[in-house]
Amino acid sequence: MRVAFAVSIWLAAAAAQAAPHLDPGRPPSAVQQAAQAENRVRPASVGATLDSEAEAHLRASFDAADVARRGTLSRAEAQAGGFGWIANHFEAIDVQHAGRVSFDDVRRYLKLRSAPTVPLGGR
Amino acid sequence: MACLQPVLQRARAAAVLACLATLVACGGGGTGGGSAGDGTGTSQYLDPNSYSAAAGASLSSPNETTAVTHHSLTLAGRAIAYTATAGHLSALDSTQAPEASIFYVAYTADGAAAAMRPVTFFFNGGPGSATVYLHLGSFAPKRLVTGVPATTQSVPFPYVDNADSLIDTSDLVFVDAVGTGLSEAIAPHTNQTYWGVDADAAVLRDFVQRWLVVNGRIASPLFLYGESYGTTRVPVLTRLLETAGQRVNGVVELSSILDYNSNCSVSNAKPTINCAGFLPSYAAVGDWWQLATAATGDLDVEIATARSYADTTYAPDASAWLASGTLPPSSHVATLVAMTGLATAAWDQQFDMDNDTFRHDLIPGTTLGIYDGRMSAPVGSALDADDDPSNTFIDPGFEAAIKTVLPALGYTNPSTYVLLSDAIDSWNFSHGGRSLPDVVPDLSAAMLLDPSLKVLFLGGQHDLITPLHQTELDTARLASGAPIALHFHPGGHMTYLDDGSRPLMKAELAAFYASATGAP
């Protein structure tokens, strides 16, 4: 019994070693389980939920650049903080000519600018 | 090296001007001091560094010396002179502190106008995979002949001029992520520092930006090309580059996994995710083995039928089975059997059909490839040793080839070029508040920042790990009218290995580059 158990452990270990990593590979089991639990309450985002998740990435970059925690960025702060896109579009975003822009200003500019685009074709 | 120190010390604008003056020499000023702009200077480099792909590894003295060689490829009767540059370039953080020494091989056409000439950065995935498959198998000026889906080509695979090379359209830079190939973190960082979805994309952003500056290419149309986990990596990288103010013209996603939460094969146990995204791929593989009795002789029609059936019938059936173990009416199972060739008993046992069950049970006693379901091996045979005949057949040829290709490009180093590291075991998969990454929001954010960004999705109809319909389902989440196109061809995960599909992909890429750069 004990020998059989040891052999089965060895076989499992050998199998685990033999199986190469794949690409895309399977994440560790604990990560898979955590993801399963999350997915039950948070399905894949579409529409407004997807928009807000996309925006959350941009807000995280904004907050990372806003090292002084002022809630606004100057052009120089945006550039230095890694949000060069804001620096490049600063005049258009800073409609109040305040010299500083908030994340709401960025959102307003993005909404204003998003025009219908022409699909490439194909499936 | 001559050009490196000034670049580190000067302001960015000055560096760009300096590099524009000596275009190629700046990126590849080897020990031989190649004056490469004229396409004649050649420099060999024996890199004395020892590189490691271990999690805790850390490079103390990075160097940026490159090997530079000159070549010519004739495409459609036109000779294209190009320069190959192989070596390392350090990714620097926002304070110009070094992060990682990134190994790359760049193929750049001689005499092209930098502002007009696209440059494409290629990334394989894993995570933990070196960019050896794209480098040696896809659209570089030379490629390996594999003969897939046949498994008869012996190692070494022939390395031949590539009639489908993209060098007529774009400069090509093949990049190894940290802790793969010959890339390694620089002290005090370790490879582990960059083994996560966000940290990996950030350090590759810093590499891409530095490469563009050092080579005087920040004005060049920029393209990113990912494969497999590379299609998870590249959308994050694209968003980060666009955020940083670096425009990305186009993204190519080959064999995509945009959302680890939707791909039912990303599980060690039986799937808890609906596998409907795999059904058209099962139909394609069943067709290949002439087991799908519903086959019409037209693969595209069969895929279209399976796609439609997956959406309307199989997906809800599989959801019901996952929720309560309830099988649908036997007529539904009969439809699946006719569509795929997989026997009734398999569906009754595992109705939410995972790729591992499918590829082991379709033909009793035979294992089908996970990367290419057209490749097979008898159970217990040498080709079945890794439980994946496609991988077992392909890998040794690539592993052998990189050992001779790099020296032939003038670059020699005693370290082992690591095709696949253990990065995945300690990879930080968390991203965007989820334990497993979903990068559709990253693509969406990048498109928001840059409405002219275009994305081309490519893939193989017989790929049993990143199935074509899952890519369709994931990309359908993007806003309608999003500037994307999808094309799938006969072949596996590394679709370009198929001699029939590679020219089709090349033509689609050429058209895509034209549309994304506004070229006529």
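Residues numbered from 1 in each chain as written. Chains lettered and ligands numbered in written order. Predicted model: local features only at pLDDT ≥ 70, side-chain atom pairs only at ≥ 80, totals over all residues.

**Quick notes on the overall build of chain B**
Each helix and strand in chain B was counted, giving 15 helices and 16 strands. Its C-alpha radius of gyration of 23 Å places chain B within 12% of the 24 Å reference for a compact globule of 520 residues. Contacts in chain B between residues far apart in sequence, at least 24 positions, make up 70% of those at least 6 positions apart. (Helix = DSSP H or I, 4+ residues; strand = E, 2+ residues; numbered from the N terminus. Rg over C-alpha atoms; globule rule 2.2 N^0.38 Å. Contact = placed C-beta atoms within 7 Å.)

**Considerations on the domain arrangement of chain B**
Residue and element names in this part refer to chain B. Examined at the domain level, chain B breaks down into domain 1 (43-262 + 397-517) and domain 2 (276-390). The centre of domain 1, based on its C-alpha atoms, is set 31 Å off from the matching centre of domain 2. Every contact between the two is made by 20 residues of domain 1 and, on the other side, 24 residues of domain 2. Of the residues contributing to the side of domain 1 that touches domain 2, the split by class is nine nonpolar, 10 polar and one charged. (Domains from an automatic or database assignment. Nonpolar A, V, L, I, M, F, W, Y, C, P; charged D, E, K, R; others polar.)

**Thoughts on the interface of chain A and chain B**
Counting residues at the interface gives 45 residues for chain A and 54 residues for chain B. Listed by contribution, the elements that provide at least two residues to the side of chain A that touches chain B are α2 (29-41), α3 (47-65), α5 (84-88) and α7 (103-113) of chain A. With eight residues, the single largest contributor to the side of chain A that touches chain B is α2 of chain A. Broken down by class, the residue content of the side of chain A that touches chain B amounts to 23 nonpolar, 16 polar and six charged.

**Quick look at helix α6 (residues 230-243) of chain B**
Residues and elements named next belong to chain B. The terminal C-alpha atoms of α6, which comprises 14 residues, lie 19 Å apart, in line with the 20 Å expected from a rise of 1.5 Å per residue. With 14 of 14 residues buried, α6 lies mostly within the body of the structure. Among the residues trailing α6, Gly245 stands out with phi positive, at a value near 100°. (Expected span 1.5 Å × (residues − 1). Buried ≥ 20, exposed ≤ 12 C-beta atoms within 10 Å, placed from the backbone.)

**Quick notes on the confidence of the model for chain B**
All names here are of chain B. Per-residue pLDDT for chain B has a mean of 92; in total, 92% of the residues score no lower than 70. At the level of individual helices and strands, chain B shows its lowest average pLDDT in helix α1 (residues 4-9), which scores 31, and its highest in strand β8 (residues 171-175), which scores 99. Ignoring residues within four places in sequence, the model shows residues 1-38, a span with pLDDT below 50, making 71 contacts including any to other chains. Reported confidences for the modelled complex are a pTM of 0.91 and an ipTM of 0.90. (pLDDT = per-residue confidence, 0-100.)

**Section: unusual backbone geometry**
That bond from Val148 of chain B to Pro149 of chain B is cis: its omega, 15°, falls within 30 degrees of zero. If you trace the backbone, Pro149 of chain B turns up in the loop between β6 (142-144) and β7 (159-161). Cis peptide bonds are those with omega within 30 degrees of zero, and the linkage from Ala187 of chain B to Pro188 of chain B qualifies with 10°. If you trace the backbone, Pro188 of chain B turns up in the loop between β9 (184-185) and α5 (197-214). Unlike most non-glycine residues, His97 of chain A shows phi in positive territory, near 55°. Note on placement: His97 of chain A falls in the loop between α6 (90-93) and β2 (101-102). Residues other than glycine seldom take positive phi values, yet Ala76 of chain B does so here, at roughly 50°. In this fold, Ala76 of chain B is placed in the loop between β2 (66-75) and β3 (78-92).

**Concerning the packing of helix α7 (residues 279-288) of chain B against helix α8 (residues 299-324) of chain B**
All names here are of chain B. Two elements in contact, α7 and α8, have axes separated by 8 Å at closest approach and are oriented at 145°. Taken as a pair, α7 and α8 cross one another with a handedness that is right-handed. On the side of α7, the interface is formed by Leu279, Pro280, Ala283, Ala284 and Asp287, while α8 contributes Leu299, Glu302, Ile303, Ala306, Arg307, Tyr309, Ala310 and Tyr314. Taken together, the residues that form the contact of α7 with α8 break down as 10 nonpolar, no polar and three charged. (Axes fitted to C-alpha atoms, helices over the stretch in contact; angles between N-to-C directions. Left-handed = near helix turned anticlockwise from the far one by under 90°.)

**Quick word on the nonpolar core**
Counting residues in hydrophobic clusters, the biggest one holds 166 residues, and the most contacted among them are Ile86 of chain A together with Val173 and Val175 of chain B. When residues of this core are assigned to their parent elements, the largest contribution, 10 residues, is made by α5 of chain B. Both domains that furnish three or more residues to this core are identified here as domain 1 (43-262 + 397-517) and domain 2 (276-390) of chain B. Sequence-distant contacts of Val175 of chain B, defined by excluding residues within four places in its chain, comprise Ile102, Tyr104, Phe121, Phe122, Phe123, Thr131, Leu204 and Phe207 of chain B. (Core = buried A, V, L, I, M, F, W, Y, C linked by C-beta atoms within 7 Å.)

**Regarding the packing of α5 of chain B against α6 of chain B**
Residues and elements named next belong to chain B. Between α5 and α6, the least distance of the axes is 9 Å, while the angle of their chain directions is 55°. It follows from the interaxial angle that α5 and α6 lie oblique. The handedness of the crossing between α5 and α6 is right-handed. When α5 is examined against α6, the residues Val197, Asp198, Asp200, Ala201, Ala202, Leu204, Arg205 and Val208 are found in contact with a partner set consisting of Thr232, Arg233, Val236, Leu237, Leu240 and Leu241. Residue composition of the contact of α5 with α6, grouped by class: nine nonpolar, one polar and four charged. (Parallel < 35°, antiparallel > 145°, perpendicular 65-115°, else oblique.)

**Notes on the confidence of the model for chain A**
When pLDDT is averaged across chain A, the result is 83; 76% of the residues are at 70 or more. With pLDDT under 50 throughout, residues 1-18 of chain A is counted as low confidence; its partners more than four residues away or in other chains account for one contact.

**Thoughts on the pairing of strand β11 (residues 250-256) of chain B**
Residues and elements named next belong to chain B. Burial analysis of β11 places seven of its seven residues in the buried class, which makes it a mostly covered element. After leaving strand β10 (residues 222-228), the chain enters α6 and then returns to the sheet as β11, a path that is right-handed. Pairing analysis gives five bridges linking β11 to strand β15 (residues 454-460), with the strands arranged parallel. From the neighbouring strand, Val251 faces β15, where its bridge partner is Val455. (Right-handed = clockwise from strand over helix to strand, strands pointing away. Pairing = 2+ DSSP bridges.)

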